[in-house]
Amino acid sequence: MESSLALGRLELTPSTAAVGVNLTPRLSGGPPAKEKSGQRPLGPQGQAHLNGCVPLSHQVAGHKYGVDKVGILQHPDGTVLKQLQPPPRGPREMQFYSMVYAEECSDPCLLELQNHLPKYYGTWSSPDSPIDLYLKLEDVTRRFVKPCIMDVKLGQRSYDPFASQEKREQQIRKYPLMEEIGFLVLGMRVYKVCSDTFDSYDQHYGRGLVKDTIQDGLAKFFHNGVCLRKDAVSASIHRVQQILRWFESQHQLAFYASSLLFVYEGFPSSSSSSSSLSSLLRAGQEEEVAEFNNNNIQVVLPWDCGMTTIYTNHRKHGHHHCAEEGEGEDGGRRRREEELQGQGDDATEGGGTDTEVEVRMIDFAHVFPSESHDHGYIYGLKHLLTVLEQILCEAA
Ligand SMILES: Nc1ncnc2c1ncn2[C@@H]1O[C@H](COP(=O)(O)OP(=O)(O)OP(=O)(O)O)[C@@H](O)[C@H]1O
Ligand SMILES: [Mg+2]
């Protein structure tokens, strides 16, 4: 794989023609949109595109396939396909992934960074349209049964140093508080246990959050309708701290308009089986329900089973990433151990002591070589940590 550092200069010319596909319309502002959990949002025929690939059903932000010129697909093998943006953004992102995941890479900083990114499996294109390039990436939400997902843009500036005056002004207009707050919620979906639905929030929700409301606005992501998932907040804090440590250790890359993707398990775990939450669930649900997890793969779950049963079912259907198995691949075990260490006494309501959380960096269309620390991103991470800690504190 290519390992050049010339991230800002690469100019390829892949075609960016989009295939016209009619999708559910983009969400607008106002109250959260309700999505029935397990529902396939692709219409009754479950439309398939591009060799069995379909638009990513659990995308919470960004360019949407069929709505925008480029978008994100889900491959039948469970990976995510991100269509290359027009140059220079798409090629820049491709080159960034190629550099971080280069086989010959021996830079400890980049090797460590791999732990905070989705795995990269190179580029992909459909035989029908070989010039349309996609990045083939690990689906960070894949191992979750009811993935609660949040996309948070990080940094004090959403535009890169080469942006035109017009672009700068446009980005500042979109969220004038970026400099002060240092992050912006681009979208989220939150599982509500009693109704078995997801509440979705789009970019307008995040842009409406100001200094006084940012804490409550962020806390919504961790509320399942019955309780605040303090365990998920706590595990997320631990992950963000690891990312902060990486940023404080490196001064070779600067990230603009890049995001953190937060994911936690919305499905209640066995350790909460004696809680009021589980009683509520048992009272309100059928004995057995057919579920689609986020990967559109059908599994049948008895409602009062614990996570062990759920993960066993997943294995039967050919999934890996089991809690019990400790995730042998991709450093998952190490992540999990670190997560457990980070739980402490905070791991409580709704998720037990082994909360499954992912916080990964995504969206690298504006990453550039640098010679100093990324102060804007570090500022955003620190403020995000402060707000998450306040959420925990006030819930205590
Ligand atoms: N590796 C991944 N695993 C799971 N979901 C992903 C992954 N990458 C992206 N997504 C989903 O797609 C959304 C958009 O991704 P991303 O930010 O990379 O695209 P974008 O904003 O359209 O890109 P760009 O800014 O380059 O135009 C994310 O909010 C997330 O919901
Ligand atoms: Mg994005």
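Residues numbered from 1 in each chain as written. Chains lettered and ligands numbered in written order. Predicted model: local features only at pLDDT ≥ 70, side-chain atom pairs only at ≥ 80, totals over all residues. Heavy atoms only, no water.

Q: Could you give an account of the sheet that holds strand β6 (residues 129–137), naming the residues involved and the relevant values?
A: Strand order across the open sheet formed by five strands is β2-β3-β4-β6-β5, with antiparallel pairing between neighbours. Two strands close off the open sheet at either side, each with one partner strand: β2 (54–55) and β5 (120–126). In terms of strand pairing, strand β4 (residues 80–83) meets β6 through four bridges, oriented antiparallel. Its bridge partner being in β6, lysine 82 is matched across the sheet by leucine 135. Seen against the sheet, helix α1 (residues 89–100) touches β4, β5 and β6 and runs at an angle of roughly 50 degrees to β6. (Pairing = 2+ DSSP bridges. Helix = DSSP H or I, 4+ residues; strand = E, 2+ residues; numbered from the N terminus. Contact = heavy atoms within 4.5 Å. Axes fitted to C-alpha atoms, helices over the stretch in contact; angles between N-to-C directions.)

Q: Describe the site of ligand 1, with residues and values.
A: Neighbouring ligand 1 are 18 residues; His63, Lys82, Gln85, Glu138 and Asp151 lie closest to it. One of the backbone N or O atoms of alanine 61 is found 3.4 Å from an oxygen atom in ligand 1. The backbone of glutamate 138 places a nitrogen or oxygen atom 2.8 Å from a nitrogen atom of ligand 1. Burial of ligand 1 by the protein amounts to 94% of the accessible area it has alone, namely 620 Å². Tallied by class, residues from the shell around ligand 1 come to nine nonpolar, four polar and five charged. (Near = heavy atom within 4 Å. Polar contact = N/O pair within 3.5 Å; in protein donor to acceptor, adjacent residues only side chain to side chain. Areas by Shrake-Rupley, 256 points an atom, 1.4 Å probe, with all protein chains shown as cover. Nonpolar A, V, L, I, M, F, W, Y, C, P; charged D, E, K, R; others polar.)

Q: Quick one: what's the story with the packing of aromatic side chains, residue by residue and with numbers?
A: Geometry of an aromatic ring pair is reported as the spacing of the ring centres plus the angle between the planes. Scanning the model with the defined rule gives 20 aromatic pairs in all. Here the aromatic rings of tyrosine 201 and tyrosine 205 are separated by 4.6 Å at their centres, their planes lie at 50 degrees, and the arrangement is tilted. For tyrosine 205, a relative accessible area of 17% gives the class buried. Aromatic rings pair up to connect Phe96, Tyr97, Tyr101, Tyr120, Trp246, Phe247, Phe255, Phe364 and Tyr377 into one cluster. (Phe/Tyr/Trp six-rings, centres within 6.5 Å; stacked < 30°, edge-to-face > 60°. Buried < 20%, exposed > 50% of the residue type's maximum accessible area, 1.4 Å probe, protein only.)

Q: Just give me the short version of the environment of valine 233, but keep the residues and values in it.
A: Examined against the element boundaries, valine 233 turns out to sit in helix α7 (residues 230–249). The exposure class of valine 233 is buried, given its relative accessible area of 0%. Spatially, the C-alpha atoms of valine 233 and threonine 355 are 9.7 Å apart, while their sequence positions differ by 122 residues. Setting aside its immediate chain neighbours within four residues, valine 233 contacts Phe222, Leu388, Ile391 and Leu392.

Q: Go over the side chain of aspartate 160 with me, naming the residues and quoting the values.
A: Inspection of the secondary structure assignment puts aspartate 160 in the loop between β7 (147–154) and α3 (165–174). At a separation of 2.7 Å, a polar atom in the side chain of aspartate 160 contacts the main-chain amide nitrogen of phenylalanine 162. Separated by 2.8 Å, the side chains of aspartate 160 and histidine 366 make a polar contact. Residues within four places of aspartate 160 in sequence aside, it is in contact with Arg92, Arg168, Tyr256, His366 and Phe368.

Nothing here speaks to function; it is all geometry.
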